[in-house]
Amino acid sequence: MTDAPPGYRADGHLHSDGSTRPVVRTDFDVDKYVRGARGRIHVSASGPVISGRAARDLAFLWRLEVAALAEMRSLLTSWTGNETRITAFLATWAYERYWLARAARDLLTAAGRPLQANGRRPLSARIRSYGIDRFLPLVSPVVGGVLGEPLAAGHVARMAVQEGALRAGLAAVRARLEGEASDAVGEIIARRTDFVDFFRAETRARVERSTAERASAVVMLSRPWAPLRAVGVADAAEVQALSSIFDTPAALADLEASDLAVGAILPGRPTPALDLVLRARRRRRAAPERNTHGL
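The present account deals with the structure reproduced in this document. (Residues numbered from 1 in each chain as written. Predicted model: local features only at pLDDT ≥ 70, side-chain atom pairs only at ≥ 80, totals over all residues. Heavy atoms only, no water.)

### A few points about the overall build of the protein
Here is step 1 of the chain: Secondary structure summary: the protein contains 11 helices and zero strands in total.
Here is step 2 of the chain: Each helix (α) and strand (β) of the protein, taken in turn from the N terminus, gives the series α-α-α-α-α-α-α-α-α-α-α.
Here is step 3 of the chain: Evaluated residue by residue, the protein yields a buried proportion of 48% over its 295 residues.
Here is step 4 of the chain: Sequence separation of at least 24 residues holds for 83% of the intrachain contacts in the protein that already meet a minimum separation of 6.
Here is step 5 of the chain: Within the structure as shown, the protein displays about 14400 Å² of accessible surface, and the carbon and sulfur contribution to it stands at 55%. (Helix = DSSP H or I, 4+ residues; strand = E, 2+ residues; numbered from the N terminus. Buried < 20%, exposed > 50% of the residue type's maximum accessible area, 1.4 Å probe, protein only. Contact = heavy atoms within 4.5 Å. Areas by Shrake-Rupley, 256 points an atom, 1.4 Å probe, with all protein chains shown as cover.)

Shown next as structure tokens:
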């Protein structure tokens, strides 16, 4: 190639001698997404009517929503923090997640509904949370340095599954809402589509190019990781909320389809969000609680 454009080498690389792996690129336009960052979703201070059950389930999803900073930290303290497209996306993703969480909180507050679950988290969850706060920042760089670039494939696969599961959960709750509450949750769902599209595209591009990245995604989607938990720490209302949110065949089918958007390209076709919900439903049936739908 004798007439290469400025910056290109004879072997086809741009500003590269081939000693490093090419940057992963997909059809998702990160620059456009960053430029189009969206802010607050307006919710009236009074007026939204939300039933007790829908409010309880929405509050559970809100608590997952506000965990964005912890999720971002777990990515950036690992090898994945070296991936410039991912870090550029995450900066705007965290900003938008904040406003999605704010919209859900405003809805619940305006409707006079509580944000926090009754009761305390299990001791095991509190111990795990303590460990994540204290040891994750120390351990992640070491593990990332050993595993290298394939670790990023596992991280984006996790985020693809989690964002898809959150979207499916919000859609299930929205089916029980009306008026402004339905509109606001609909906007949260619509904005989440960019999150899902980015992480799914990154996952596909990575797992299809190497066995190591495919293996990383499979391992990181396996237990004990659970997608509908804040950095793996169980919520006090997890069993009750998941059993309630995904209580219809349509909701379960939507969740399964979301999981398989990633799982179908991996060995074993993992469905981690669906598996978590099915375990919660079994636990709920085995230890029924007092009906609180009307509270």
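### Details of the nonpolar core
It is characteristic of soluble globular proteins that their nonpolar side chains tend to be buried jointly.
Here is step 1 of the chain: Core analysis: the largest hydrophobic core is formed by 67 residues, its most contacted members being L58, F89, W93, F199, L228 and F246.
Here is step 2 of the chain: Ranked by residues supplied to this core, first place goes to helix α6 (residues 150-174) with 11 residues.
Here is step 3 of the chain: Excluding anything up to four places from it in sequence, F246 contacts A165, A168, G169, L228, A251, L252, L255, V277 and R281. (Core = buried A, V, L, I, M, F, W, Y, C linked by side-chain atoms within 4.5 Å.)

### A closer look at the packing of helix α2 (residues 52-65) against α6
Here is step 1 of the chain: Contact geometry of α2 with α6 gives a least axis separation of 10 Å together with a crossing angle of 160°. Taken together, the axis directions place α2 and α6 in an arrangement best described as roughly antiparallel. Here α2 and α6 pass one another in a crossing that is left-handed. Where α2 abuts α6, its residues A54, D57, L58, L61 and L64 lie against L166, G169, L170 and V173.
Here is step 2 of the chain: Here the residues of the contact of α2 with α6 are counted per class, giving seven nonpolar, one polar and one charged. (Axes fitted to C-alpha atoms, helices over the stretch in contact; angles between N-to-C directions. Parallel < 35°, antiparallel > 145°, perpendicular 65-115°, else oblique. Left-handed = near helix turned anticlockwise from the far one by under 90°. Nonpolar A, V, L, I, M, F, W, Y, C, P; charged D, E, K, R; others polar.)

### Comments concerning helix α11 (residues 272-286)
Here is step 1 of the chain: End to end, α11 covers 21 Å across 15 residues, agreeing with the expected 21 Å (1.5 Å per residue, within 8%).
Here is step 2 of the chain: Along α11, the positions that sit buried rather than exposed are P272, A273, L274, L276, V277, R279, A280 and R284.
Here is step 3 of the chain: Check the buried side of α11 and you find it contacts α6, α9 (238-245) and α10 (249-263). (Expected span 1.5 Å × (residues − 1).)

### A word on empty space enclosed by the protein
Here is step 1 of the chain: The full count for this structure, using the stated rule, is one cavity of 30 Å³ or more.
Here is step 2 of the chain: Contributing to the lining of the largest cavity are L58, L61, W62, E65, A104, L166, L170 and I188.
Here is step 3 of the chain: When residues of the lining of the largest cavity are traced back to their parent elements, those giving at least two are α2 and α6.
Here is step 4 of the chain: For the lining of the largest cavity, the element with the most residues is α2, which contributes four residues.
Here is step 5 of the chain: Of the residues that constitute the lining of the largest cavity, the class distribution is seven nonpolar, no polar and one charged. (1 Å grid on protein atoms, 1.4 Å probe; cavity = no way out; pocket = protein on both sides within 12 Å on 5 of 7 lines; lining within 4 Å. Points joined across faces, edges and corners; volume = space filled by probe spheres on them.)

### Regarding the pattern of salt bridges
Here is step 1 of the chain: Tallying each qualifying case throughout the model produces 21 salt bridges.
Here is step 2 of the chain: Put simply, R38 and D194 hold a salt bridge, and the shortest N to O gap is 3.0 Å. Separated by 156 residues along the polypeptide, R38 in the loop between α1 (30-35) and α2 and D194 in helix α7 (residues 179-207) bring together distant segments of the chain.
Here is step 3 of the chain: Residues participating in the shared-partner salt-bridge network are R40, R102, R105 and D106. (Salt bridge = Lys/Arg side-chain N within 4 Å of Asp/Glu carboxyl O.)

### Side note on the packing of aromatic side chains
For any pair of aromatic rings, the description rests on two quantities: the centre-to-centre distance and the angle between the ring planes.
Here is step 1 of the chain: Enumeration over the complete set of coordinates arrives at 10 aromatic pairs.
Here is step 2 of the chain: When the centroid spacing of 6.4 Å and the interplanar angle of 90° are considered together, the rings of W93 and F199 count as edge-to-face. One end of the pair, W93, is in helix α4 (residues 84-110); the other, F199, is in helix α7, with 106 residues separating them in the sequence. The pair W93 / F199 is uniform in exposure class, with both members buried.
Here is step 3 of the chain: Ring centres of Y98 and W99 lie 4.9 Å apart, and the angle between their planes is 75°; this geometry places the pair in the edge-to-face category.
Here is step 4 of the chain: Residue classification places W99 among the buried positions, given a relative accessible area of 17%.
Here is step 5 of the chain: Ring pairs connect the aromatic residues F28, Y33, F89, W93, F198 and F199, which therefore count as one cluster. (Phe/Tyr/Trp six-rings, centres within 6.5 Å; stacked < 30°, edge-to-face > 60°.)

### A few points about unusual backbone geometry
Here is step 1 of the chain: In this structure, the amide linkage connecting R223 to the following residue, P224, adopts the cis form with an omega of 15°.
Here is step 2 of the chain: Despite not being glycine, R269 has its phi angle at roughly 45°, a positive value.
Here is step 3 of the chain: In this fold, R269 is placed in the loop between α10 and α11.
Here is step 4 of the chain: R269 gets classed as partly exposed once you look at its relative accessible area, which sits at 47%.

### A word on the side chain of T92
Here is step 1 of the chain: Position of T92 among the secondary structure elements: in helix α4.
Here is step 2 of the chain: The exposure class of T92 is buried, given its relative accessible area of 8%.
Here is step 3 of the chain: Once residues within four sequence positions are removed from consideration, T92 is found in contact with Y33, V34 and A37.

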